[in-house]
Every structure is written in C-alpha cells, then in structure tokens.
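Spelled out from the first residue to the last, the chains are:
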Amino acid sequence: MSIQIDFMNDPDNGNVSLAISENGIATVSFYHPAQNSLPSALLADLVEKIAKAGNNKQTRVIILKSEGNRTFCAGASFDELMQIKDKKHGAEFFSGFAQVINACRKSPKIIIGRIQGKAVGGGVGLAAAADYCLATEAASVKLSELAIGIGPFVISPAVIRKIGLQAFSQLTIRASDFQTAHWAMQKGLYNEVYPDIDALDLAIDALSQKLASYHPEALHGLKEILWEGTSDWDELLRQRAAISGELVLSSFTQAALAGFLQNKTRL
C-alpha cells in the first residue's frame, strides 16, 4: 500500500508522479509519449518531486524510474529544442537537466535508478545521477549529441564521475552507436543487469526494502561520501548549459534536429 503524494495525468504532455510507501520507499516516476523524452515542464517537475521525496521525513530511499518497457529516457525533447530562438532560452532549457542532476546530488536520500530500456543523451545523465542503478539487458546506452551538433556538456560531469573519461570518450565519439547494458555495467554506469523487467523489479523491490531497513543517518552519511568533490556543480552545470544553449541555435544543429524528427532515427 502506498500514499500518493503528487500526480498529474496528461497523456499528451507526459507526467511525473511521486508515491511514498508505508515503509519509506519513495518512487519518482516520469512518462512522456515521445519515448520518455523530457521537455522543460517535466524536467522542472522531476526536480520538484525528487526534492519533495528527499525532504519527506518518511522517506528512507528513492527509486527513480520511467513508465513503459522500451525506453528509459530518450533525453531532451527535440520538439522543444527546435523552438529555441535565443541563447537565454537555450541555456534555460539545458539548465533543466542540470537542475535534475543537482536535485539527485543534493537529495539526502540514496536514489536507486530503475533502467528498464534504452537510455539516450540526457537519459544517460539521469542514470549517472542515481546512486545505484539496476537495469535490464535491453537498457543499451548512447550519447548522440555530437550527431546533432551539440555535445553532452551538461551531463558530462555526472557521466564521467561514474564511468571515467576513457569510457565517456568512447560513448561520446561513437555518437551513432549504442553500447550494451553489459558494457554500461562493466564501465560502472549500471551496478546490476537483469534479463527482463520482471527480474529487474524483483531485484529493485528486494534492494529498496533492504535499504529502507538500514539506519537513516548511516544512509545519509553514505550519500555525502558518494558525492564528495561536487560542491561546485551548481555553477559548473550552469556554465555547461550555456554552451549547449548557444550551439543549439546553429544552422547545423537545427538542420540535424529537423532530420531526426523527419526520419525518426533517434532510437
């Protein structure tokens, strides 16, 4: 049984929900019909729900997940990217991902990432922002930003922190190629990989129940250790968002985005 904290159902524009169970397991879940891509409104809602879950005294551990079984997150909303007309709005849009990463970083609670399907671009950043990730074998990863004229600048600190510079270079330079879930586990993005969603959810349930039984202060102390050395990320990610916000205005990037939308080649 769970206590529903906040939920808005909008099948056309997506939604973000938060539920906290009686034993202190908070679940933050997001959905968007375009392969769980994230427009600004959903990014802002994710920030709010993650903060609300972390600040709730009842919460012991947070699960971050998306709906559906094919794609965990396809990254930024291409439709919204096409509407950016100046540097200010470009920086504001990419700051949305920065704020989600920082919300995960600043949360006093351990966050478990449930990666049931493919993760692209910002979706890889969300996985990297979780403290511990469980995934299925279908959860391949790709950083496609170079292919559309930008780069994974905002999410790079979180991704490099998890997988190191060499693996990040491979993932970035091979912008058109998916890497397997087992590759992601070997490099440190995922901690465990399961054959299917049923097995994943059993493992998520067992782990979250176990974590919820541990001393809250010990978990909080572990969280602080896991994010040591990141106190400058508020400013760092803001600067990175400005870089992406400027590049997205280029004719190269606008043409590439239009081609992706027309051909539906994103995943």
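Here we summarise the structure given alongside this text. (Residues numbered from 1 in each chain as written. Predicted model: local features only at pLDDT ≥ 70, side-chain atom pairs only at ≥ 80, totals over all residues. Heavy atoms only, no water.)

### Structural notes on the overall build of the protein chain
Okay, so step 1: A count of helical and extended segments in the protein chain gives 10 helices and 10 strands.
Okay, so step 2: Its C-alpha atoms give the protein chain a radius of gyration of 17 Å, near enough to 18 Å, the size a compact globule of 267 residues would have.
Okay, so step 3: Seen through its C-alpha atoms, the protein chain measures out along the principal axes to roughly 55 × 40 × 35 Å.
Okay, so step 4: Summarising the internal contacts of the protein chain: among those between residues at least 6 apart in sequence, 72% fall at separations of at least 24.
Okay, so step 5: Accessible surface, the protein chain: about 11800 Å² in total, of which carbon and sulfur atoms supply 54%.
Okay, so step 6: Averaged over its 25 positive side-chain charges, the protein chain has a centre that lies 3 Å from the centre of its 27 negative ones. (Helix = DSSP H or I, 4+ residues; strand = E, 2+ residues; numbered from the N terminus. Rg over C-alpha atoms; globule rule 2.2 N^0.38 Å. Contact = heavy atoms within 4.5 Å. Areas by Shrake-Rupley, 256 points an atom, 1.4 Å probe, with all protein chains shown as cover. Lys, Arg positive; Asp, Glu negative; His and termini not counted. Charge placed at Lys NZ, Arg CZ, Asp CG, Glu CD.)

### Brief notes about helix 3 (residues 87-106)
Okay, so step 1: With 20 residues, helix 3 extends 27 Å from end C-alpha to end C-alpha; this agrees with the ideal 28 Å at 1.5 Å per step.
Okay, so step 2: At serine 95, helix 3 shows its strongest bend, of approximately 30 degrees.
Okay, so step 3: Most of helix 3 is tucked away: 14 of the 20 residues are buried.
Okay, so step 4: Measuring from the side-chain oxygen of the N-cap residue of helix 3 to the backbone nitrogen of lysine 88 gives 3.1 Å; that N-cap residue is aspartate 86. (Expected span 1.5 Å × (residues − 1). Bend = angle between axes of the 7 residues up to and from the residue. Buried < 20%, exposed > 50% of the residue type's maximum accessible area, 1.4 Å probe, protein only. Polar contact = N/O pair within 3.5 Å; in protein donor to acceptor, adjacent residues only side chain to side chain.)

### Some points on the packing of aromatic side chains
Okay, so step 1: Applying the stated rule across the entire model yields 3 aromatic pairs.
Okay, so step 2: Judged by centre distance (5.6 Å) and plane angle (70 degrees), the ring pair of phenylalanine 30 and phenylalanine 72 falls under edge-to-face. Of the two residues, phenylalanine 30 is situated in strand 3 (residues 25-31) and phenylalanine 72 in strand 5 (residues 71-73); the sequence distance between them amounts to 42 residues.
Okay, so step 3: Look at phenylalanine 72 and you get buried, because its relative accessible area is 1%.
Okay, so step 4: With centroids separated by 5.7 Å and ring planes inclined at 90 degrees, the aromatic side chains of tryptophan 227 and tryptophan 233 adopt a geometry described as edge-to-face. This pair shows no difference in class: tryptophan 227 is buried, exactly as tryptophan 233 is.
Okay, so step 5: The residue whose ring lies beneath arginine 161 is tryptophan 227, and the NZ or CZ to ring-centre distance is 3.6 Å. (Phe/Tyr/Trp six-rings, centres within 6.5 Å; stacked < 30°, edge-to-face > 60°. Lys NZ or Arg CZ within 6 Å of the ring centre and 35° of its normal.)

### Quick word on the environment of serine 66
Okay, so step 1: Mapped onto the secondary structure, serine 66 falls in strand 4 (residues 61-66).
Okay, so step 2: The sequence separation of serine 66 and glutamine 179 amounts to 113 residues, and the corresponding C-alpha distance is 20 Å.
Okay, so step 3: Apart from residues lying up to four places away in sequence, serine 66 is in contact with Ser29, Phe30, Asn36, Thr71, Phe72, Arg114 and Gln116.
Okay, so step 4: One polar contact links serine 66 to glutamine 116, side chain to side chain, over a distance of 3.0 Å.

### Here we look at the sheet that holds strand 5
Okay, so step 1: Pairing is parallel across the open sheet formed by 3 strands, whose spatial order is 5-7-9. Edge positions in the open sheet fall to strand 5 and strand 9 (141-142), since each of these has one partner strand only.
Okay, so step 2: Where strand 7 (residues 118-120) lies against strand 9, 2 bridges are found, and the strand directions are parallel. Paired with valine 120 across the strands is lysine 142, a residue of strand 9. (Pairing = 2+ DSSP bridges.)

Read these as spatial facts, not as claims about activity.
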